[in-house]
Amino acid sequence: MTELPRGIGKDLCGRVHAITGAECYLPDTHYPRPHHSLTEESWHDGLCTTCAGSGTQAGTPCPSCNGTAFEPLTPTDPTTPHPG
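What counts as what
Residues numbered from 1 in each chain as written. Predicted model: local features only at pLDDT ≥ 70, side-chain atom pairs only at ≥ 80, totals over all residues. Heavy atoms only, no water. Salt bridge = Lys/Arg side-chain N within 4 Å of Asp/Glu carboxyl O. Helix = DSSP H or I, 4+ residues; strand = E, 2+ residues; numbered from the N terminus. Buried < 20%, exposed > 50% of the residue type's maximum accessible area, 1.4 Å probe, protein only. 1 Å grid on protein atoms, 1.4 Å probe; cavity = no way out; pocket = protein on both sides within 12 Å on 5 of 7 lines; lining within 4 Å. Points joined across faces, edges and corners; volume = space filled by probe spheres on them. Phe/Tyr/Trp six-rings, centres within 6.5 Å; stacked < 30°, edge-to-face > 60°. Lys NZ or Arg CZ within 6 Å of the ring centre and 35° of its normal.

A. Up close: the pattern of salt bridges. This model, assessed by the stated rule, comprises 1 salt bridge. D45 is paired through a salt bridge with R15; the nearest N and O atoms lie 2.7 Å apart. Pair noted here: D45 is in strand β2 (residues 42-47) and R15 is in the segment before β1 (35-36), with a separation of 30 residues, a long-range link. By relative accessible area, which is 16% here, D45 ends up buried. Judged by relative accessible area, which is 24%, R15 ranks as partly exposed.

B. How the structure looks around the environment of P63. By the secondary structure assignment, P63 is in the loop between β4 (60-61) and β5 (70-73). The spatial distance from the C-alpha of P63 to the C-alpha of A18 is 9.7 Å, given a sequence separation of 45 residues.

C. The layout of surface pockets, seen in detail. Roughly 240 Å³ of internal volume is contained in the second largest pocket. When residues of the lining of the second largest pocket are traced back to their parent elements, those giving at least two are β2 and β5. A total of 4 residues in the lining of the second largest pocket trace back to one element, the largest contributor, which is β2.

D. Highlighting the packing of aromatic side chains. For the structure shown, the criterion picks out 0 aromatic pairs. The ring of F70 carries the charged tip of R15 above its face, separated from the ring centre by 3.6 Å.

E. View of unusual backbone geometry. Cis geometry is found at the peptide bond from Y31 to P32, where omega equals 10°. Among the secondary structure elements, P32 is positioned in the segment before β1. In this model, A52 sits at a positive phi of 55°, which is unusual for a non-glycine residue. Along the chain, the position of A52 falls in the loop between β2 and β3 (56-57). One non-glycine residue, A69, lies in the positive phi region at around 75°. Owing to a relative accessible area of 5%, A69 belongs among the buried residues under this scheme.

What follows is the structure, encoded as structure tokens:
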């Protein structure tokens, strides 16, 4: 996978939402805050569980993450007990 060419603002995150295609405009240092787009969309994401973060499946873009290698996560309630 090649990195997208960026000029001005190359220190921006630029992570793309796998479903909507929205791009994060926050600085690379925004973690652990969620990604945020110019259209006011925000999301957390993690490695795609279908392609294990490769972005491809059988030589084609992964259908779950659209080739981004990341999938949106649904934040859980911090008061809910987690197994393990």
